[in-house]
Amino acid sequence: DGRLTFYPGNQTVDLPFINFMRRYGTVFLNAYTNSPICCPSRAAMWSGLFTHLTESWNNFKGLDPDYVTWMDLMEKYGYHTQKYGKLDYTSGHHSVSNRVEAWTRDVDFLLRQEGRPVVNLTGDRKHVRVMEADWRNTDKAVNWIKEEAINLTQPFALYLGLNLPHPYPSPYAGENFGSSTFLTSPYWLEKVTYEAIKIPKWSSLSEMHPVDYYSSYTKNCTGEFTKQEVRNIRAFYYAMCAETDAMLGEIISALRDTGLLKKTIVIFTADHGELAMEHRQFYKMSMYEGSSHVPLLVMGPGIKKQQQVPNVVSLVDIYPTMLDIARIPVPQNLSGYSLIPLLCGKAENEASPRGPRPSWVLSEFHGCNVNSSVYMLRTGKWKYIAYSDGHSVLPQLFDLTADPDELTNVAIKFPVIVRSLDKILRSVVNYPKVSSSVQEYNKRQFISWKQSLGQNYSNVIANLRWHQDWLKEPKKYENAIDKWL
């Protein structure tokens, strides 16, 4: 969650290496994902293109494997490149359940698809390496810096993808588990200031926007939660962020120990945030700040120190920024703009040949846990969220200055602003048309999956992650699908 990297969010947990990057570099106060879920977000970051252009509609469908990423271009222009850890930009390789949930989001039914969010404390006060796979990849990257990077005669680009602070699988939740367990050790939990944890306000279920209600229901969050449960989920999430920060620290230390820190640009960001029980949801897949607002910190030679940039930026800006750093010509068809003018504290009019950076960013979502395509335009103090064809689901408008917790939808109160923001949105993406092509895609994919199963279909679909709900009335849910088809 990007809000943890600056005040007041940074009061809840000790993140020493994020703070180190703030001291010696630049922090972006308003950086957003272009799609709040792993694979579509990474597809945008690695391609520099908005989601409706990559057509990365869900966690399974990303970039074509032969797409030329910024790292491919850097390699072509003489950089030594190395990748470790989670990449996920061609496909998230997610479960059958995950795919079917995305394809059937247009079906008129409500089924719980996730395990109820829970916490799990493991180990003791000496247990530092909780997420072992991430630590192994961090060790690989550290060794590469110390053994390879130090001896290179050419410049290098190193990418390290971490899984944390992603919730862990919950075996009790059935097929391919879902990930609803917030897991940490006492070592990390001690880094969290419990008193500073805000318990988010919730609207009553009857007052929720219909899409929020669907998300909350499918994420198994509509039941009763005590304040203690909510506080714990949030505390464990922050503890997982502290563990992630320590991995960043290993990289910074390795660069410092080898004398490379002074001549290396370090960028820290995330594919999406975590709601951690804000708006009665956990996980991502939402345009609320907890899910869509990502961290973005940059430090290194030429980067302004102790700078806070208020401009709205997004992950598609990484592609042109990386090329700019490497002095590689930037393709003209990109959705993003180089961050270098902002990082160096230059006036925006010295910006790219494409003209000045727009005053808005776009995020969109077409995957599971949300029963409509969603489009978010963030500009100035406003966040405008449009759904589907723009008519069948009411839009949302939030004034982030007056209402940072996004509790009051003011769309009806400000029709003129809604119209002007909708006009900008439509000039960037013909969203009714995109929504309808996603609906067609979902149906096609579902039909071919159903046909591939033959006689097994009824049994397979009943036993996906939603099995606890489905098996109560299997005929009812099969009929709802038939009606949709």
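It should be emphasised that the depicted structure is a prediction, and the values quoted were computed from it without experimental measurement.

A. Structural context of the sheet that holds strand β12 (residues 396-399). With antiparallel pairing, the four strands of this open sheet are ordered in space as β9-β10-β11-β12. A strand with exactly one partner marks an edge of an open sheet, and here the two such strands are β9 (360-365) and β12. Between one strand axis and the next, the sheet turns through 15° on average, direction left out of account. Bridge count between β9 and strand β10 (residues 374-379): six bridges; the pairing is antiparallel.

B. Representation of the sheet that holds strand β6 (residues 266-269) within the structure. Pairing is mixed across the open sheet formed by four strands, whose spatial order is β6-β7-β1-β8. The outermost strands of the open sheet, each flanked by one partner alone, are β6 and β8 (307-314). On average, each strand axis in the sheet is tilted by 20° relative to the strand beside it, whichever way the strands run. Running over the sheet, helix α1 (residues 16-24) touches β1 (25-32), β6, β7 (296-299) and β8 and is turned about 55° from β7.

C. Up close: the layout of surface pockets. Taken as a whole, the second largest pocket holds about 740 Å³ of empty space. Lining of the second largest pocket is provided by 30 residues; of these, Arg-3, Pro-8, Lys-198, Pro-404 and Asp-405 occupy positions nearest its centre. Of all the secondary-structure elements, those providing two or more residues to the lining of the second largest pocket are β1 and α9 (227-257). Among the residues making up the lining of the second largest pocket, the classes are represented as 12 nonpolar, eight polar and 10 charged.

D. Representation of the nonpolar core within the structure. Of all hydrophobic cores here, the largest spans 77 residues; its most connected members are Met-21 and Leu-255. The dominant element in this core, judged by the number of residues it contributes, is α9, at 17 residues.

E. Region of the structure containing helix α13 (residues 415-428). For α13, which comprises 14 residues, the first-to-last C-alpha distance of 20 Å matches the rise-based estimate of 20 Å (1.5 Å per residue) to within 8%. Among all positions of α13, only Val-418, Leu-421, Asp-422 and Leu-425 are buried. Buried positions in α13, seen along its axis, are confined to an arc of 105° and lie on one side of it. Exposed side of α13, more than 90 degrees from the buried face: Val-416, Arg-419, Lys-423 and Ser-427 are the residues found there. Where α13 is buried, its residues touch β9, β10, β11 (382-387), β12 and α14 (431-453).

F. How the structure looks around helix α6 (residues 132-147). For α6, which comprises 16 residues, the first-to-last C-alpha distance of 22 Å matches the rise-based estimate of 22 Å (1.5 Å per residue) to within 8%. Every buried residue of α6 is listed here: Asp-134, Trp-135, Asn-137, Thr-138, Ala-141, Val-142, Trp-144 and Ile-145. Where α6 is buried, its residues contact β2 (80-85), β4 (156-161), α7 (186-189) and α9.

G. Highlighting unusual backbone geometry. Going from Tyr-7 to Pro-8, the amide bond is cis rather than trans, its omega being 5°. Among the secondary structure elements, Pro-8 is positioned in the segment before α1. A cis amide bond, omega 0°, links Leu-164 with the succeeding residue Pro-165. With respect to the helices and strands, Pro-165 occurs in the loop between β4 and β5 (181-184). One non-glycine residue, Glu-55, adopts positive backbone phi at about 55°. For Glu-55, the position within the fold is in the loop between α3 (51-54) and α4 (70-76). According to the relative accessible area criterion, Glu-55 is partly exposed, its value standing at 39%.

H. Summary view of the environment of Pro-356. Tracing the backbone through its elements, the reader meets Pro-356 in the loop between α12 (340-343) and β9. Accessibility expressed as a relative area gives 59% for Pro-356, which makes it exposed. Considering only alpha carbons, one finds Pro-356 and Tyr-337, 19 residues apart in sequence, at a separation of 8.6 Å.

The rules behind the values
- Residues numbered from 1 in each chain as written.
- Predicted model: local features only at pLDDT ≥ 70, side-chain atom pairs only at ≥ 80, totals over all residues.
- Heavy atoms only, no water.
- Pairing = 2+ DSSP bridges.
- Helix = DSSP H or I, 4+ residues; strand = E, 2+ residues; numbered from the N terminus.
- Axes fitted to C-alpha atoms, helices over the stretch in contact; angles between N-to-C directions.
- Contact = heavy atoms within 4.5 Å.
- 1 Å grid on protein atoms, 1.4 Å probe; cavity = no way out; pocket = protein on both sides within 12 Å on 5 of 7 lines; lining within 4 Å.
- Points joined across faces, edges and corners; volume = space filled by probe spheres on them.
- Nonpolar A, V, L, I, M, F, W, Y, C, P; charged D, E, K, R; others polar.
- Core = buried A, V, L, I, M, F, W, Y, C linked by side-chain atoms within 4.5 Å.
- Buried < 20%, exposed > 50% of the residue type's maximum accessible area, 1.4 Å probe, protein only.
- Expected span 1.5 Å × (residues − 1).
- Arc of directions from axis to C-beta.

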